[in-house]
Amino acid sequence: MSAQASHCSHYQPPLQDIRFVQQHWLGAEADWRRMPAHEALDQETADMVVEAAGRFCADVLAPLNGPADLQGCRLEEGRVRTPDGFPEAYAAFVEAGWPALACAPEAGGQGLPQLLDAALHEMLASANHGWTMYPGILHGAYACLHAHGDAHLRATYLPHIVSGRWLATMCLTEPQAGSDLGLLRSQARPRGDGSYSLDGSKIFISGGDQDMSENIVHLVLARLPDAPAGTRGLSLFLAPRGIPQDGGGFLPNAIHCDGIEKKMGIKGSATCAMRFEGAQAWLVGQPHQGLAAMFVMMNSARLHVGLQGLGHAEMAWQLARAYAAERRQMRAQPRPADAQGPADPIALQPAVQRMLADLRVWTEGMRAIAGWVAHQLDLAEQAPDAEERAQAHALASLLTPVVKSFFTERGFALASEALQVFGGYGYVHEYRIEQTLRDARIAMIYEGTNQIQALDLLQRKVAASGGAALAPLLAALREEAAACEAAGMEPGLAGALRSWSDRTEALTGALCARAAGDAPLLARCAEDYLRLVGTLCMAFAWARAARVSQPLADPALRRSKADSAAWFFAHGLLDAEHWLRRTESAARTPLPAAVA
């Protein structure tokens, strides 16, 4: 690796900004004191947890990222071998207790907030997305079994999933059934002993086989013999790679990895084609109710995928900032008085400064919203008041598809913008930004494509409620506008929040009314509508950031947040006008006829 590349390639955990979000933007400690499960947690302890997670990501995972991208995974005699260093890194991850971070103490977990788990997963994705895919589904598997598993499954599997000793997969997709789960064909037949015989093929299974954990717990959607057609006939089954035996050890199950995909990115993650040939499996939850049980897992996964978008944006920002500070090309205008030599760092060029401003402002804004959603999940589960729990659940449910779709789209776009800072060197592997760009692209596709997330937001949540589902977000924006006015902030912030709340509410009402006579309207509008909502979330993030930083003692932090808010409201919020007009246009204009 060249000296230029080596100087700008090391991951630095964004501890200061994570702390700012938790301590000042959210004021999380005051809420923790109100939650019996977290009343002993303070910000100092939370900082220590996040700092330890950051050290693991920077010192253990980040150095493996580039080499794993080049080495990839391999299939040897039906078993997957992961890149060098991956099993050892996972053993250290388990030994440190990271898989159990946000799991309930009664299940063997540490019982810490989802907010801290979100910080962990952002940093994992920044440091090594490919490696992160293996434990990425663990918390969702825990939540699914904790909510829907019977006593036998919880006793046999949950402790090992919580500890991380056994990894888990989510087996949905089949060759003929991608996003349309109603087309699934896998079958499960009763064995007569309380278990089932599972037959079928699944594709695109992350970590379907690997050499990092002693066992793999597959959660598989399949049909019982009497299943009705479509998604109403899906049941969820647990099929372990090795069936635990009373005397210790495992009985091999009839589960086979037939191949691993050669992919554009996340090459350290084994994306497997799996075959179940009479594999022994156990029902999770009720017959024909598998999708409801699986959605517990999928909703957790969708938040984590959104955090991957944030992680890629952070990594792109760090790489671009470091490179721009070192790369010397041309002389800056005006040139600093102490400048020497024939050229200056490109970080002094206005075009590069604009790109770097975009990278930092969007990344920090997304981090605030990610923390907000994770904190709402904590409140939805742990707040002492039932009405507060319900409100937090409604807000988290509304924003989950926004985080998944908007963050992953922005993460890819920001990685592309960062690559531009590097010029031709950005296209070269040793500078790492091209890998960030390739790795980021998949997050827009899996765990429900971004188009499906947009339909979930507009059609299934907002329109299905007659617009009522959007009310908690609009209320938050209007409350922040009032708080900004009371704090004596720049009046343009409050005015913009109120104006965009009113315009979005009016647009939503018009869409709901017109959809009654135009069935495809919501599908045409959904993507642009989600982008509008995502942009308003960013405006909310920056208005609050500017306000809560105002009384802080650190002048550099105050200035940074104030300047960033001003930049976003003058520059980034212009996107809201674009997405609103596109939504209105899509509502008026039928799609063109398909071209043969």
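Quick caveat: nothing in here was measured; it's all calculated off a predicted structure. (Residues numbered from 1 in each chain as written. Predicted model: local features only at pLDDT ≥ 70, side-chain atom pairs only at ≥ 80, totals over all residues. Heavy atoms only, no water.)

A.B. asks: Help me out: how do you make sense of the UniProt feature "domain: Acyl-CoA oxidase/dehydrogenase middle" (unreviewed entry) in the chain in this one?
C.D. replies: Feature annotation in UniProt assigns "domain: Acyl-CoA oxidase/dehydrogenase middle" (unreviewed entry) to the following positions: residues 170-277. Structurally, residues 170-277 comprises 0% helix and 48% strand, and the distance from its first C-alpha atom to its last is 18 Å. (UniProt positions renumbered as here; feature names shortened; annotations may be inferred. Helix = DSSP H or I, 4+ residues; strand = E, 2+ residues; numbered from the N terminus.)

A.B. asks: For this particular structure, what's the right way to read helix H8 (residues 138-148)?
C.D. replies: Within an α-helix, residues lying three or four positions from one another point in the same direction, as the helix has 3.6 residues per turn. Most of H8 sits inside the fold, with eight of its eleven residues counted as buried. All of the buried residues in H8 are Leu138, His139, Gly140, Ala141, Tyr142, Ala143, Cys144 and Leu145. (Buried < 20%, exposed > 50% of the residue type's maximum accessible area, 1.4 Å probe, protein only.)

A.B. asks: Please explain the packing of helix H11 (residues 350-382) against helix H18 (residues 555-572) as it appears in this structure.
C.D. replies: When two helices pack together, their arrangement is given by the angle between the helix axes and the distance between those axes. Orientation of H11 relative to H18, taken along the N-to-C sense of each, is 105°, at an axis distance of 10 Å. Taken as axis vectors, H11 and H18 run roughly perpendicular relative to one another. Every residue of H18 that contacts H11 at Arg354, Ala357, Asp358, Arg360, Val361, Trp362 and Glu364 is listed here: Ser560, Lys561, Ser564, Trp567, Phe568, His571 and Gly572. A class-by-class count of the residues in the contact of H11 with H18 yields five nonpolar, four polar and five charged. (Axes fitted to C-alpha atoms, helices over the stretch in contact; angles between N-to-C directions. Parallel < 35°, antiparallel > 145°, perpendicular 65-115°, else oblique. Contact = heavy atoms within 4.5 Å. Nonpolar A, V, L, I, M, F, W, Y, C, P; charged D, E, K, R; others polar.)

A.B. asks: Is there a simple way to think about empty space enclosed by the protein in this case?
C.D. replies: It is a probe the size of a water molecule, rolled over the atoms, that shows where empty space is left. One pass over the structure, following the stated rule, counts six cavities of 30 Å³ or more. By volume, the largest cavity amounts to about 90 Å³. Ile18, Val21, Gln22, Leu115, Ala118, Ala119, Glu122, Leu307, Leu310, Arg367, Ala370 and Gly371 are the residues that line the largest cavity. Of all the secondary-structure elements, those providing two or more residues to the lining of the largest cavity are helix H2 (15-25), helix H6 (114-127), helix H10 (290-326) and H11. (1 Å grid on protein atoms, 1.4 Å probe; cavity = no way out; pocket = protein on both sides within 12 Å on 5 of 7 lines; lining within 4 Å. Points joined across faces, edges and corners; volume = space filled by probe spheres on them.)

A.B. asks: Looking at this structure, I do not really get the side chain of Arg524. What am I missing?
C.D. replies: One can find Arg524 in helix H17 (residues 521-549). Since its relative accessible area comes to 15%, Arg524 is described here as buried. Those residues in contact with Arg524, other than ones at most four positions away along the chain, are Asp518, Ala586, Ala587, Thr589, Pro590 and Leu591.

A.B. asks: Whenever I open this one, the side chain of Gln453 confuses me. Can you help?
C.D. replies: As for its placement among the helices and strands, Gln453 is situated in helix H14 (residues 450-462). Judged by its relative accessible area of 1%, Gln453 is buried. When near neighbours in sequence (up to four residues on either side) are disregarded, Gln453 contacts Arg302, Pro401, Lys404, Ser405, Glu447, Gly448 and Leu530.

A.B. asks: Even after reading the chapter, I still don't get the nonpolar core, so can you show me in this structure?
C.D. replies: Burial of nonpolar side chains together is a common tendency in soluble globular proteins. Core analysis: the largest hydrophobic core is formed by 194 residues, its most contacted members being Trp131, Trp372, Leu473 and Phe569. The element contributing the most residues to this core is H17, with 19 residues. In this view, Trp131 contacts Phe56, Leu61, Phe86, Ala89, Tyr90, Phe93, Leu124 and Met212; residues no more than four positions away in its chain are not counted. Core analysis: the second largest hydrophobic core is formed by five residues, Met133, Ile266, Val305 and Tyr446 among them. (Core = buried A, V, L, I, M, F, W, Y, C linked by side-chain atoms within 4.5 Å.)

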